[in-house]
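Each chain is listed here by its residues.
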Amino acid sequence: MKAVVFEDVGLAGFHDRAVPACDVGEVLVEVAATGICGTDRAILLGEFPATRGVVLGHEAVGTVAATGPGAGSVAPGDRVVVNPTYHCGRCRPCRRGLPAHCAAKAGREVGVDRDGTMAGFVAVPEHFVHRLPGSVSYRRGALVEPLACVLNNLRAARPRWDDQVLVVGAGPIGALCAMVLARRGSRVTLAEHDPGRAEIARLLLPRTVRVLGPEEAAEPGRPAPDVVIDTTGSLPGGVLGTVAAGGTVVVMGEREAGVATVRLRPLVTGGIRLVGAGPYRPADFELAVDLAQDLPLEELVTHVLPLERYAEALAMLAVVPAGTDGAAPGCGYRAMKVLLTPGGSLAP
Ligand SMILES: [Zn+2]
Ligand SMILES: [Zn+2]
């Protein structure tokens, strides 16, 4: 099979790999599509540590091709989505109901330090594949994993019915936050500094979501947000001073060298909660599979490309060292969610 492999910072390659063996309790998934995630981008930009030689990718849908000994919950031919957040089930966080924060992640991070899904096939422990409802296309199902991440972070935000929510960053994660929040009736402002991304978000999202530049979003006279969700990993320094009393700031984006300076007075006097929630619990993933039946997630998919055109796909997502393409760092996006298909095409 062919696979997109992380060779070094700034360098991915297209390699021949053996189809993985299907061990005890595992299922072999023939990948239909893999979404390119901010994490893949961060790995290639040297902002997220990963093992050289690993197959990239973790947001995958496909068909069960074979089941290993003892794996009986799915059958060949089943359409599935992969939950790539593996956990050991034995460490203290796992036993305390925090499997997303498993202490034994090393060697279990799909597409990071264990071969991922930008390939023809991937072998997955059976507990980490979920059948897709018949009404959920692969194009839509490919967004289930980022949706699970969003659901976990929105739960941590605890928004109330009439909250003003500011989502910082209009990438797929920010756009999914806005999509879910708009559905539940929250008033959402999405702040994005990349003009390309802002324009895509304006076209794709419900009209009740206001997409603004960061300066515009912070203009005096705008209602103070009750909830801020930062998806960019660059928590704006003054943000705590702009949040309504009793409000919440959720830090969702992060990167290896990410550091933020927090003014303590507004945190204390405003009774602000500053929250990190990280990845999802297995129950969030199941909820995401359910909600996918009703959320038009595929609207965020702007491009579907054959696997071998991965370099073109990465270029659309501004995976170039800062400044070399003339765009400001963090700018230069020409796509929202890009899917790579080993089969070369994908039914709508
Ligand atoms: Zn991801
Ligand atoms: Zn664990």
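Since this is a predicted model, take the numbers as computed values, not measurements. (Residues numbered from 1 in each chain as written. Chains lettered and ligands numbered in written order. Predicted model: local features only at pLDDT ≥ 70, side-chain atom pairs only at ≥ 80, totals over all residues. Heavy atoms only, no water.)

**Q** Honestly, the overall build of the protein chain in this entry has me stumped. Any pointers?
**A** What the protein chain contains, in helices and strands, is 11 helices and 15 strands. The principal-axis extents of the C-alpha atoms in the protein chain amount to approximately 60 × 45 × 35 Å. On the protein chain, roughly 15,200 Å² of surface is accessible, and the fraction owed to carbon and sulfur atoms is 53%. In the protein chain, 34 side chains carry a positive charge and 36 a negative one; their mean positions are 7 Å apart. (Helix = DSSP H or I, 4+ residues; strand = E, 2+ residues; numbered from the N terminus. Areas by Shrake-Rupley, 256 points an atom, 1.4 Å probe, with all protein chains shown as cover. Lys, Arg positive; Asp, Glu negative; His and termini not counted. Charge placed at Lys NZ, Arg CZ, Asp CG, Glu CD.)

**Q** Quick question: what am I supposed to make of helix H6 (residues 195-204) here?
**A** Owing to its 3.6 residues per turn, the α-helix brings residues three or four apart onto one side. If you check which residues of H6 are buried, you get Arg197, Ala198, Ile200 and Ala201. Take H6 and look down its axis: the buried residues cluster within an arc of 165°, on one side only. Every exposed residue of H6 that faces more than 90 degrees away from the buried side is listed here: Pro195 and Leu203. Where H6 is buried, its residues meet helix H5 (172-183), strand S9 (187-191), strand S10 (210-212) and strand S14 (301-306). Put simply, Asp194 is the residue that caps the front of H6, since its side-chain oxygen is 3.1 Å from the backbone nitrogen of Gly196. (Buried < 20%, exposed > 50% of the residue type's maximum accessible area, 1.4 Å probe, protein only. Arc of directions from axis to C-beta. Contact = heavy atoms within 4.5 Å. Polar contact = N/O pair within 3.5 Å; in protein donor to acceptor, adjacent residues only side chain to side chain.)

**Q** Could you clarify how one ought to interpret the packing of aromatic side chains in this entry?
**A** When we look at a pair of aromatic rings, we describe it by the centre distance and by the angle of the planes. By the definition in use, this model includes three aromatic pairs. Relative to Phe128, the ring of Tyr86 lies with its centre 4.7 Å away and its plane at 40°, an arrangement referred to as tilted. In this pair, Tyr86 is assigned in the loop between strand S5 (79-82) and helix H2 (92-95) and Phe128 in the loop between strand S6 (121-125) and strand S7 (129-131), connecting sequence segments 42 residues apart. With a centroid separation of 5.5 Å and an interplanar angle of 50°, the aromatic rings of Tyr280 and Phe285 are classed as tilted. The exposure classification of Tyr280 matches that of Phe285, with both residues buried. (Phe/Tyr/Trp six-rings, centres within 6.5 Å; stacked < 30°, edge-to-face > 60°.)

**Q** I would appreciate a short explanation of unusual backbone geometry in the present structure.
**A** What you tend to see is this: most non-glycine residues have negative phi, and most peptide bonds are trans. For Arg158, which is not a glycine, the phi torsion comes out positive at approximately 45°. Relative to the assigned elements, Arg158 resides in the loop between helix H4 (144-157) and strand S8 (164-168). Residue classification places Arg158 among the exposed residues on the basis of a relative accessible area of 59%.

**Q** Could you clarify how one ought to interpret the coordination of the zinc ion (ligand 2) in this entry?
**A** Ideal values differ by geometry: the angle at a metal is 109.5 degrees with four tetrahedral donors, but 90 or 180 degrees with six octahedral donors. The protein atoms that coordinate the zinc ion (ligand 2) are Cys88 (SG), Cys91 (SG), Cys94 (SG) and Cys102 (SG), at distances of 2.3 to 2.4 Å. One can describe the donor arrangement at the zinc ion (ligand 2) as tetrahedral, given that its four donor atoms subtend angles of 104 to 117° at the metal. Going along the chain, you hit the donors of the zinc ion (ligand 2) in the pattern C-x2-C-x2-C-x7-C. Separated by 11 residues along the polypeptide, Cys91 in the loop between S5 and H2 and Cys102 in the loop between H2 and S6 bring together distant segments of the chain. Accessibility assignment for this pair places Cys91 and Cys102 in one class, buried. (Donors = N, O, S within 2.8 Å, 3.2 Å for Na, K, Ca; no water. Tetrahedral: all angles 85-135°; square planar, octahedral: opposite > 155°, others 65-115°.)

**Q** Got a minute to help me understand the coordination of the zinc ion (ligand 1) in this structure?
**A** At the metal site, the zinc ion (ligand 1) is ligated by Cys37 (SG), His58 (NE2) and Glu59 (OE), and these contacts range over 2.1 to 2.3 Å. The sequence pattern describing where the donors of the zinc ion (ligand 1) fall on their chain is C-x20-H-E. You can see Cys37 sitting in the loop between strand S3 (26-35) and helix H1 (38-44) and its partner His58 sitting in the loop between H1 and strand S4 (59-67), a full 21 residues away along the chain. One exposure class covers both Cys37 and His58, and it is buried.

**Q** Help me out: how do you make sense of the sheet that holds strand S12 (residues 248-251) in this one?
**A** Sheet strands pair by backbone hydrogen bonding; their relative direction is either parallel or antiparallel. The six strands are arranged S10-S9-S8-S11-S12-S13 in an open sheet whose pairing can be described as parallel. The open sheet terminates on both sides in strands that have one partner only, identified here as S10 and strand S13 (273-276). Strand-to-strand twist in this sheet, taken as the mean axis angle between neighbours without regard to direction, amounts to 20°. Pairing between strand S11 (residues 227-230) and S12: four bridges, direction parallel. Directly across from Ile229, in S12, lies its bridge partner Val250. Most of the contacts of H4 go to S12, to which it runs at about 155°, and overall it touches S11, S12 and S13. (Pairing = 2+ DSSP bridges. Axes fitted to C-alpha atoms, helices over the stretch in contact; angles between N-to-C directions.)

**Q** Even after reading the chapter, I still don't get the nonpolar core, so can you show me in this structure?
**A** If you look at soluble globular proteins, the nonpolar side chains tend to sit buried side by side. Leu190, Leu205, Val209, Ile229 and Leu297 are the most contacted members of the largest nonpolar core, which has 55 residues in total. Among the elements of the structure, S3, H4, S8, H5, S9, H6, S11 and helix H10 (282-291) are those that each provide at least two residues to this core. The leading source of residues in this core is H4, at nine residues. Among the domains, domain 1 (2-143 + 292-341) and domain 2 (157-276) are the pair contributing at least three residues each to this core. (Core = buried A, V, L, I, M, F, W, Y, C linked by side-chain atoms within 4.5 Å. Domains from an automatic or database assignment.)

**Q** Any chance you could explain the pattern of salt bridges here in plain terms?
**A** When the charged atoms of two side chains with opposite charge come close together, those side chains can pair. Under the criterion given, the structure shown has 13 salt bridges. Residue Lys337 pairs with Glu59 through a salt bridge whose shortest N-O separation is 2.8 Å. Placement of Lys337 in strand S15 (residues 337-341) and of Glu59 in strand S4 is noted, with a sequence separation of 278 residues between them. On the basis of relative accessible area, Lys337 is assigned to the buried category, the value being 2%. Members of the salt-bridge network, linked through shared partners, are Arg155, Arg281 and Asp284. (Salt bridge = Lys/Arg side-chain N within 4 Å of Asp/Glu carboxyl O.)

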